[in-house]
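Letter by letter, the chains look like this.
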Amino acid sequence: METLFDLRNISYSYVGKIDALKDISLKVGRGEQVSILGSNGSGKSTLLAILDGLIYPTSGEFYAFDNQITEEVFDSIKENDFRTYFRTKVGFVFQNSDVQLFSPTVFDEIAFGPLQLDMTAEDVEARVDDVLEMMDIVKLRDRTPHTLSGGEKKKVCIATVLVNNPDVLLLDEPTAGLDPRTQLWLTELLQELGEAGKTVITATHDLEVIDQISERAIVIGEDHRIKVDGSTLDVLGDMALLLSVNLIHEHMHFHGKAVHEHLHAHKGEHLHQHKT
Ligand SMILES: Nc1ncnc2c1ncn2[C@@H]1O[C@H](COP(=O)(O)OP(=O)(O)OP(=O)(O)O)[C@@H](O)[C@H]1O
Ligand SMILES: [Mg+2]
């Protein structure tokens, strides 16, 4: 399998003192679906920011598409073919939609990426309309992004990435704040993207979806180090591991390999189908 991302002993600390990642080594191959798991503050978003070339390791090396990603290459003002290539191949859906949205209308927001490409206005419009349809947000077309609800914003952010048809999708807590139908829809979409050969890397707390959207799970501990990099089903089956990294608590129940949180208001009745 062709290696897309290669992280070698990467550590990252903010402002030189707040540790976010420690000694992270991993490779991601083309077409893999990977979940990044860890409790609040463990370093998931930081890891995705490194993978997207938004920040650079404090120590260690990061290679993407066989090129080392460094500040010199990525932050220089000069036109840079590799950076342009990287930006068209990799799409990032941020944890916080507000940092991603800046256009006066949803249409403009989604058209922004395609307009950077060599496309006619009609082609851009057709492509944006396709994505609006696919995301079921046609009625938001002329709305102002910052006035949308949280879930609507999330859908628009996903649309701004999908419209560029990237090979690699980085998603930071994509299901957070979505209603159940939209969560299910998004889970299925991520599965389909995986089946279509996309590389999909998803940071999440949502243990319910990870076996559907990934075969591999990387667990980051509260010490900011990789605790386990293995099969998603093995990770879901390892209660001691999940407890130790604060991804479950004692009141959660296990049934075989699946994790269920009993909702006391429902007298223990499950709100979803069992996964085995
Ligand atoms: N801009 C920043 N400046 C300083 N410290 C930061 C910054 N962003 C994150 N941190 C710190 O780095 C550590 C890792 O944060 P990160 O956002 O990567 O965690 P996370 O796993 O994504 O958490 P969550 O599940 O809450 O989203 C935390 O201790 C956090 O406080
Ligand atoms: Mg985060």
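The structure this text deals with has already been given above.
Please read all numbers here as calculations on a predicted model, not as lab measurements. (Residues numbered from 1 in each chain as written. Chains lettered and ligands numbered in written order. Predicted model: local features only at pLDDT ≥ 70, side-chain atom pairs only at ≥ 80, totals over all residues. Heavy atoms only, no water.)

Caption draft 1: Seen up close, the nonpolar core. Residues Phe5, Leu7, Phe62, Phe86, Leu170 and Ile201 are the most contacted members of the largest nonpolar core, which totals 34 residues. Setting aside its immediate chain neighbours within four residues, Leu7 contacts Ile24, Ser25, Leu26, Leu47, Leu51, Glu61 and Phe62. (Core = buried A, V, L, I, M, F, W, Y, C linked by side-chain atoms within 4.5 Å. Buried < 20%, exposed > 50% of the residue type's maximum accessible area, 1.4 Å probe, protein only. Contact = heavy atoms within 4.5 Å.)

Caption draft 2: Just the site of ligand 1, in detail. Taken together, 14 residues sit near ligand 1, with Gly41, Gly43, Lys44, Ser45 and Thr46 positioned nearest. Note that an oxygen atom of ligand 1 is positioned 2.7 Å from one of the side-chain N or O atoms of Lys44. Looking at the shell around ligand 1, the elements with two or more residues in it are strand S2 (18-29) and helix H1 (44-51). Per element, the largest residue contribution to the shell around ligand 1 is 3 residues, and it comes from H1. (Near = heavy atom within 4 Å. Polar contact = N/O pair within 3.5 Å; in protein donor to acceptor, adjacent residues only side chain to side chain. Helix = DSSP H or I, 4+ residues; strand = E, 2+ residues; numbered from the N terminus.)

Caption draft 3: Up close: the coordination of the magnesium ion (ligand 2). Coordination of the magnesium ion (ligand 2) by the protein comes from Ser45 (OG) and Gln95 (OE1), over a distance range of 2.0 to 2.3 Å. Here Ser45 is found in helix H1, whereas its partner Gln95 is found in the loop between strand S6 (90-93) and helix H4 (106-116), with 50 residues between them in sequence. In this structure Ser45 comes out as partly exposed when scored by relative accessible area, which is 28%. (Donors = N, O, S within 2.8 Å, 3.2 Å for Na, K, Ca; no water.)

Caption draft 4: Seen up close, a nonpolar patch on the surface. Together, Tyr14, Val15 and Ile18 make up an exposed nonpolar region whose accessible area comes to about 300 Å². In this structure, Tyr14 sits in strand S1 (residues 3-14). Among the residues examined, Tyr14 registers a relative accessible area of 34% and is labelled partly exposed. (Patch = residues over 30% accessible without salt bridge, like charges linked within 9 Å, V, L, I, M, F, W, Y side chains within 5 Å. Areas by Shrake-Rupley, 256 points an atom, 1.4 Å probe, with all protein chains shown as cover. Salt bridge = Lys/Arg side-chain N within 4 Å of Asp/Glu carboxyl O.)

Caption draft 5: Representation of the packing of aromatic side chains. Inspection of the entire model under this criterion finds 11 aromatic pairs. With a centroid separation of 6.0 Å and 85° between ring planes, the pair formed by Phe65 and Phe86 is classed as edge-to-face. Remark: Phe86 occurs in helix H3 (residues 81-89) and Phe65 occurs in the loop between strand S4 (59-64) and strand S5 (67-68); sequence separation between them is 21 residues. Of the residues examined, Phe65 reaches a relative accessible area of 9% and is grouped as buried. Ring centres of Phe74 and Phe82 lie 6.1 Å apart, and the angle between their planes is 50°; this geometry places the pair in the tilted category. (Phe/Tyr/Trp six-rings, centres within 6.5 Å; stacked < 30°, edge-to-face > 60°.)

Caption draft 6: The pattern of salt bridges, seen in detail. Inspection of every chain in the model, using the stated rule, returns 12 salt bridges. As a salt-bridge pair, Arg8 and Asp6 come within 2.9 Å of each other at their nearest N and O atoms. Lys153 is the salt-bridge partner of Asp98, the closest N and O atoms lying 2.9 Å from each other. A residue pair is termed long-range when its members are at least 10 positions apart, and Asp98 in the loop between S6 and H4 and Lys153 in helix H6 (residues 150-162) qualify at 55 residues. Judged by its relative accessible area of 45%, Asp98 falls in the partly exposed class. A single salt-bridge network, built from bridges that share partners, covers Glu2, Arg30, Lys89 and Asp167.

Caption draft 7: How the structure looks around the sheet that holds strand S8 (residues 199-204). Taken in spatial order, the 6 strands make up an open sheet running S6-S7-S8-S3-S9-S10, and their pairing is mixed. Every interior strand has two partners, whereas the edge strands, S6 and strand S10 (226-231), have only one. Along the sheet, successive strands turn relative to each other by an average axial angle of 15°, direction set aside. Pairing between strand S9 (residues 216-220) and S10: 5 bridges, direction antiparallel. (Pairing = 2+ DSSP bridges. Axes fitted to C-alpha atoms, helices over the stretch in contact; angles between N-to-C directions.)

Caption draft 8: Representation of the sheet that holds S4. One open sheet accounts for 4 strands, arranged S2-S1-S4-S5; its pairing is antiparallel. Pairing within the sheet leaves two strands with one partner each, and these edge strands are S2 and S5. Where S1 meets S4, 5 bridges bridge the pair, whose relative direction is antiparallel. From the neighbouring strand, Leu7 faces S4, where its bridge partner is Phe62. Strands S1, S2 and S4 of the sheet are contacted by H1, whose axis makes an angle of about 125° with S1.

Caption draft 9: Representation of H4. Those residues of H4 that sit buried are Val106, Phe107, Glu109, Ile110, Ala111, Gly113 and Pro114. Those residues of H4 that are buried lie in contact with helix H5 (121-134) and H6.

Caption draft 10: Spatial organisation of the packing of H4 against H5. Where H4 meets H5, the closest approach of the two axes is 9 Å, and the angle between their N-to-C directions is 125°. Here H4 is positioned oblique relative to H5, judged by the angle of their axes. Read as a crossing pair, H4 and H5 show a hand that is right-handed. When H4 is examined against H5, the residues Val106, Phe107, Ile110, Ala111, Pro114 and Leu115 are found in contact with a partner set consisting of Val124, Glu125, Val128, Asp129 and Leu132. Residue classes in the contact of H4 with H5 are distributed as 9 nonpolar, no polar and 2 charged. (Parallel < 35°, antiparallel > 145°, perpendicular 65-115°, else oblique. Left-handed = near helix turned anticlockwise from the far one by under 90°. Nonpolar A, V, L, I, M, F, W, Y, C, P; charged D, E, K, R; others polar.)

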